[in-house]
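Residues per chain are reported as follows:
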Amino acid sequence: MFEVKNENNFPSCRYGDNSSESSDIQSPMALWARAQSLPPEALQQVRAIYTDRFPIEVRHFLASWIEEKMWSMDIDIDNPQNEQYASSIVGDLIQQLETKANSMNSEELVITKYKLMDSANLFKQRYARCPLDLFRLMRHCLNAELQVIRQVENVPVGSVPPAAGLMPDSVAEIAQQIDVLRHRTSETGKLLRQMEQEQEGFALHYHECTKLNAHLQHLQSQQPNQQNVELEKAVSRQKNSLEQTLNQKVSSLLGLRFQLGDKLSETVTHLVTLQCRVLDEELIRWKREQQLAGNGAQFNSNLDNIQDWCESLAEIIWHNRQQIKEVERLKQKLAIEPPGVVDVLPNLNIQITQLLSSLVTSTFIIEKQPPQVMKTNTRFTSTVRLLVGGKLNVHMTPPQVKVTIISEAQANALLKNDKIGKGEASGEILNNTGTMEYHQATRQLSVSFRNMQLKKIKRAEKKGTESVMDEKFSLLFQSQFSVGGGELVFQVWTLSLPVVVIVHGNQEPHAWATVTWDNAFAEPGRVPFAVPDKVPWCQVAEALNMKFRYATGRPLTEENLRFLAEKAFRNPNMTDFQNQMLTWSQFCKEPLQERSFTFWEWFYAVVKLTREHLRQPWTDGLILGFIRKKQAEDMLIATGVTSTFLLRFSDSELGGITIAWLGDGDVCPQVFMLQPFTSKDFAIRSLPDRIADLQHLVHLYPDIPKDQAFGKYYTPLENQPTSNNGYVKPFLVTHVPGWGGPGQSTPSYPNTPMFQAPSPEAGSARDTPSVASHVSDSVSSELEWILSYAGAGAQGATGEIEYASNMEFLDDPLDFNFDPYLNPPPFRPN
C-alpha cells in the first residue's frame, strides 16, 4: 500500500452537480486517503481501476493535483467545445509528471521515476490529439474509486452517477475476476511444474527399478551359491523398496493429475462466465450505444477498457490452453490412467479452443461505422479493429481485410451458414482492401479505409409500396489470420450497421427515416435487419428528441413532444398518447392531412432548418416553434399588446418558419402571420436581421424587447459605402408592404408579385391574414429584384420536382458531403 501524506490545504471541491459531494469530500486529498484505508478486498478493487492506460503511480503521486482539476470545474466532457480546456489539463498533467519524476533522485525511487516518465510519454503519444479522452478517463477512474468507497461506507449508490458507458462497478468487478483467473492460472502452472518434476522423478526410479529387475533375473539364472543367494536377497529387498517408492509416486502423480484436471475445469468454467459477460454484455452494449449514436445519442466509448479485458482473457485462455496440452503430453509419456476414470482433458482442450475462437471472432469489430445513408460515387470511410490482435501477435503477419456490400437476404444467409458464396455481392466498392497495422502507442491493431466508394448497386425487386429507400444493405468486412505459428487459423468477418443506398440527394429524407427507425428500434440478436412495424409513441419521442438535440444543441420539451404526437397521429385532441402505437406507415409513408408530405419529411425539414440557420436562437429559447396556429393566435391575443410576436414552424411549408404578431385590425387587435421563411430565404438574410428590419415587431412573446433577444445575432452594417472598384455596395432589407420600412420610410409597391403560401394551415380556427415579405435592395430596383428572384425560384423548384420523379433511375456523379445524422431535403415543393 502507498503511504499517503497530505501536505497541502486545498479548498473544498465538488463533483459534477451533486451538492452532497461537497460534504463527502473535505479536500482533494480526502478521496485518495480514504481509498488507502479500505479493507484489502475493496482496496484491490480500487487498484484494479488503474491499468497501464492510467497507472496507479500517477494517481498516487499526483493525487491532490488530479482531484483538484477534476472537481474544481464542472465541464461537459461530451462537448467538443471543451477540448481546449481538456488539452490544457493534459499538458499540465504531463508537465506535473515530468517535474515529479525529475525530483526523484534517490535510488529507492528510480523505478517509480522511470514509470512516471513512461506515463508522461504515453500520454503525449496517446492523447495529444484527443485530450477529452484522457479527461474522461481520469474522471471515470475517480468516479469508480468513489463508488467502491461508498459501497464500503454504505453510502447509497444512486447518489453518485455511474461511469458513462458502463454498468455500476463493472470495471472493478471484471478486473477483480481477471485477477482471480490470473492467480488460478499461476497456481495450475505451479502444479504442472510439480507434476512434471514428479513424473521425471518417477521415470528415473522406474529406470532404476528396471535395471534392478534385470539384475535380479540375471542372478536367478545363475548357479545358486552362498554369495549369489545373499546378493539376490539384497537386490530383491532393494527392488521391493523401489517398487514401493514407485507406487507412492504413481499415487502422487495420479493425485496431481486429478487436482490439475479439476482446477483447469474450474478455470475454464470461470473463463466461460467472464467472457460471456465481456462479449455478450459489455461489447454488445458498446455496439448498441454505437448504433444509437447514429441517431445522435451521446456515445462515451469504453472500447479501450473492453480491449484491456479481451486482451487479458486472450492471454489467460492461451496460457490455460498450453497447460492443458502440456498435461496431455505428460500423460501420453506415462500412461498410468486407472480404469474407469474419465479423462477430462480432451473435452477441456475443445472448450478452451472454442473460447479462444469465440473471443477472436467476436472482437473483430467496426470501430468507425460507414455512413448509414450511402450515396453512390461518393467517398466514404470506415475503421476496423481487432481487440486481441496485439496480445496474439497477429500483426507479425499483417492480415488483409476485404470489404463488400451485401443485401439483407445475403446477410441472413451469412448468419445461418457462417459463410457467403465466392463473388456474391450486391455492388462494387472501389478501394475495398486494406492491411491491418499495429500502433505501438495505443496497442491497437486496425485498418482505416479512407477512400472507399460505392460504384454501383444491385437492388432487389420491390413489393407493394416498397421503395429503394426502404431497402437495407450492409458492408461485410472479412479477414483471415493465424496464431501460434500457424497452429490456429481464424476466418473472421463482421457486418456494419444497416445502410441505405441512394443515387440522388432527393432520396435522403426517406433514407434517413429508414435508418432512424432501424437504429432506434432494432433488438439485440435480431434477424437482419428486422424491425417492428409499430412501436409505442414514448420510444418514438425518445428517438426524435435524441435526433433533434444532437442536430440543434437543445432537447425538445414535453410540450414540443405532445405537439409532435398530435401531428404524427393526425389527432389534435389526443390525451393519453405515451403508449399509443405509431406505425411505420404513419411515421414516413402516409401524407399528413391536407398535405403532400409525411410526418417524417416535415420533422426532417424542421431539424435541417433549425440546425443550419436557427441553432443559436433555438438554443437560447427564442423560438417556440412547435405550436399550432390557433394556439399561437390565442397566446398573442391574450397579451393584449400589439407588436408582440412569436416564431413557429409552418405546418404547410416544408422547412418553413413564420412570424406571427399581434397588430391593429379594423375593429380590434388581430393576429397576422408572415409567409414562412425557408433555408433559401435565410441564405440571403438571417432571421435575426429580418426581425430587426421589421420595425412593427417590438416585443418577443411574452414581453422581451426584440433587440434584447436578438441583438447579439444582428449583422453589423459595414461602414464602407463603396467597394474597391468604385461601385456603390447595396445591402438587402426585409419589408412588409403596409407595415412601415426598416429604419426609415420605404416606398411600397402595391402591384409587386408576392410569394403565396402553398396551402392554408391545417386546422385553422380563424382566417388569420397571411402577409408576404419582400427583401428589398436599398439601391437597386426592388421590383426588378423580386421579379427575377421569384421567377428563378419557381423555375428551379419545378425543375427539381421533375428531376425527383425519376430519382430511382438516376446515377448522379456529383460528390455531396453528407452529415452522418441529418441531411437537408433537396427541394421545397410548390
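Parameters at a glance
- Residues numbered from 1 in each chain as written.
- Predicted model: local features only at pLDDT ≥ 70, side-chain atom pairs only at ≥ 80, totals over all residues.
- Heavy atoms only, no water.
- UniProt positions renumbered as here; feature names shortened; annotations may be inferred.
- Helix = DSSP H or I, 4+ residues; strand = E, 2+ residues; numbered from the N terminus.
- Contact = heavy atoms within 4.5 Å.
- Pairing = 2+ DSSP bridges.
- Axes fitted to C-alpha atoms, helices over the stretch in contact; angles between N-to-C directions.
- Expected span 1.5 Å × (residues − 1).
- Buried < 20%, exposed > 50% of the residue type's maximum accessible area, 1.4 Å probe, protein only.
- Arc of directions from axis to C-beta.
- Parallel < 35°, antiparallel > 145°, perpendicular 65-115°, else oblique.
- Left-handed = near helix turned anticlockwise from the far one by under 90°.
- Nonpolar A, V, L, I, M, F, W, Y, C, P; charged D, E, K, R; others polar.
- Salt bridge = Lys/Arg side-chain N within 4 Å of Asp/Glu carboxyl O.
- Core = buried A, V, L, I, M, F, W, Y, C linked by side-chain atoms within 4.5 Å.
- Domains from an automatic or database assignment.
- Phe/Tyr/Trp six-rings, centres within 6.5 Å; stacked < 30°, edge-to-face > 60°.
- Lys NZ or Arg CZ within 6 Å of the ring centre and 35° of its normal.

- As recorded in an unreviewed UniProt entry, the protein goes by Signal transducer and activator of transcription and comes from Frankliniella occidentalis.
- The record in UniProt for the protein states the following under Sequence similarities (unreviewed entry): "Belongs to the transcription factor STAT family."

**Description of the environment of Leu-624**
Phase 1 of the analysis: The residue Leu-624 is located in the loop between helix H19 (615–619) and helix H20 (629–639) in this model.
Phase 2 of the analysis: Sequence-wise, Leu-624 and Arg-648 are 24 residues apart; in three dimensions their C-alpha atoms are separated by 5.8 Å.
Phase 3 of the analysis: Setting aside residues up to four positions removed in sequence, Leu-624 forms contacts with Asn-560, Trp-618, Met-635, Leu-646, Leu-647 and Tyr-701.

**Remarks on unusual backbone geometry**
If a residue is not glycine, its phi is most likely negative; likewise, a peptide bond is most likely trans.
Phase 1 of the analysis: Geometrically, the link from Pro-528 to Phe-529 is a cis peptide bond, its omega value of -15 degrees lying close to zero.
Phase 2 of the analysis: Here Phe-529 lies in the loop between helix H14 (508–521) and strand E12 (534–536).
Phase 3 of the analysis: The amide bond that connects Tyr-701 to the next residue, Pro-702, takes the cis arrangement and shows omega of 5 degrees.
Phase 4 of the analysis: Relative to the helices and strands, Pro-702 resides in the loop between strand E17 (699–700) and strand E18 (704–705).
Phase 5 of the analysis: One non-glycine residue, Asn-431, lies in positive phi territory at about 55 degrees.

**Some points on the sheet that holds strand E10 (residues 488–495)**
Strand pairing within a sheet occurs via backbone hydrogen bonds; the two strands may be parallel or antiparallel.
Phase 1 of the analysis: On the basis of which strands lie adjacent, the open sheet formed by four strands has the order E6-E4-E9-E10 and antiparallel pairing. Looking at which strands have only one partner, the edges of the open sheet turn out to be strand E6 (433–435) and E10. On average, adjacent strands in this sheet sit at an angle of 25 degrees to one another, irrespective of strand direction.
Phase 2 of the analysis: The sheet contacts of helix H12 (residues 345–362) involve strand E9 (473–483) and E10, and relative to E10 the element is tilted by about 40 degrees.

**Remarks on H12**
Phase 1 of the analysis: Between the first and last C-alpha of H12 there are 25 Å, a value that for 18 residues agrees with the 26 Å anticipated at 1.5 Å per step.
Phase 2 of the analysis: Along H12, the residues that are buried comprise Leu-345, Leu-348, Asn-349, Ile-352, Leu-355, Leu-356, Leu-359 and Val-360. Each buried residue of H12 lies within a common arc of 125 degrees when the element is viewed along its axis, so the set occupies one face.
Phase 3 of the analysis: Elements that come into contact with the buried residues of H12 comprise helix H10 (226–293), helix H11 (303–333), strand E1 (364–368), strand E3 (379–386), E9 and E10.

**Digging into the packing of H10 against H11**
Phase 1 of the analysis: Direction vectors running N to C along H10 and H11 enclose 155 degrees, while the axes themselves pass 10 Å from each other. Of the possible angle classes, the one that applies to H10 and H11 is roughly antiparallel. Of the two elements, H10 crosses H11, and the hand of that crossing is left-handed.
Phase 2 of the analysis: The class makeup of the residues in the contact of H10 with H11 is 19 nonpolar, four polar and three charged.

**What about the pattern of salt bridges?**
Phase 1 of the analysis: Taken as a whole and assessed by the stated rule, the structure comprises 33 salt bridges.
Phase 2 of the analysis: Linking Arg-59 and Glu-145 is a salt bridge whose minimum nitrogen-to-oxygen distance equals 2.9 Å. You can see Arg-59 sitting in helix H4 (residues 56–61) and its partner Glu-145 sitting in helix H8 (residues 131–152), a full 86 residues away along the chain.
Phase 3 of the analysis: Using a relative accessible area of 0% as the deciding quantity, one classes Arg-59 as buried.
Phase 4 of the analysis: Its relative accessible area of 0% is what places Glu-145 among the buried residues.
Phase 5 of the analysis: Put simply, Asp-693 and Arg-685 hold a salt bridge, and the shortest N to O gap is 2.6 Å.
Phase 6 of the analysis: Its relative accessible area of 16% is what places Arg-685 among the buried residues.
Phase 7 of the analysis: Look at the salt bridges and you will find they share partners, linking Asp-179, Arg-182, Glu-315 and Lys-391 into a network.

**Focus: the packing of helix H3 (residues 40–49) against helix H9 (residues 170–220)**
Phase 1 of the analysis: Contact pair H3 / H9: the axes reach a minimum separation of 8 Å and the direction vectors enclose 100 degrees. By the angle between their axes, H3 is roughly perpendicular relative to H9. Residue-level contacts link Gln-44, Gln-45 and Ala-48 of H3 to Ala-172, Ala-175, Gln-176 and Asp-179 of H9.
Phase 2 of the analysis: Here the residues of the contact of H3 with H9 sort into three nonpolar, three polar and one charged.

**Side note on the environment of Pro-688**
Phase 1 of the analysis: By the element assignment, Pro-688 lies in helix H22 (residues 687–693).
Phase 2 of the analysis: Looking at Pro-688, the relative accessible area reads 4%, which means it is buried.
Phase 3 of the analysis: When near neighbours in sequence (up to four residues on either side) are disregarded, Pro-688 contacts Phe-710, Tyr-713 and Tyr-714.

**Quick notes on the pairing of E10**
Phase 1 of the analysis: As paired elements, E9 and E10 share eight bridges and run antiparallel to each other. The residue of E10 that forms the bridge with Phe-477 is Thr-494.
Phase 2 of the analysis: The hairpin formed by E9 and E10 contains four residues between the paired strands, and Gly-484 there has a positive phi angle of roughly 65 degrees.

**Some words on H14**
Phase 1 of the analysis: Along its 14 residues, H14 runs 20 Å from first to last C-alpha, staying within 8% of the 20 Å computed at 1.5 Å per residue.
Phase 2 of the analysis: Burial within H14 is extensive, with 14 of its 14 residues counted as buried.

**Quick notes on the nonpolar core**
Phase 1 of the analysis: Core analysis: the biggest nonpolar cluster contains 79 residues, and Val-278, Ile-405, Leu-475 and Phe-477 have the highest contact counts within it.
Phase 2 of the analysis: Sort the elements by how many residues they give to this core and H10 lands first, with 15 residues.
Phase 3 of the analysis: Viewed by domain, this core spans two of them, domain 2 (169–356) and domain 3 (369–458 + 468–506), each represented by three or more residues.
Phase 4 of the analysis: With near-sequence residues (within four places) excluded, Val-278 lies in contact with Ile-174, Leu-283, Ile-306, Trp-309, Cys-310 and Leu-313.
Phase 5 of the analysis: Counting 70 residues, the second-largest nonpolar core is a separate cluster that includes Ala-513, Leu-647, Ile-657 and Val-736.

**Let's talk about the packing of aromatic side chains**
Phase 1 of the analysis: Here the structure, examined in full by the defined rule, presents 28 aromatic pairs.
Phase 2 of the analysis: Here the aromatic rings of Phe-677 and Phe-682 are separated by 5.8 Å at their centres, their planes lie at 45 degrees, and the arrangement is tilted.
Phase 3 of the analysis: Take Phe-677: its relative accessible area is 3%, and that puts it in the buried class.
Phase 4 of the analysis: One cation-aromatic arrangement involves Arg-554 over Trp-618; the distance from NZ or CZ to the ring centre is 4.1 Å.
Phase 5 of the analysis: The cationic tip of Lys-567 hangs over the ring face of Trp-602; the distance from NZ or CZ to the ring centre is 4.5 Å.

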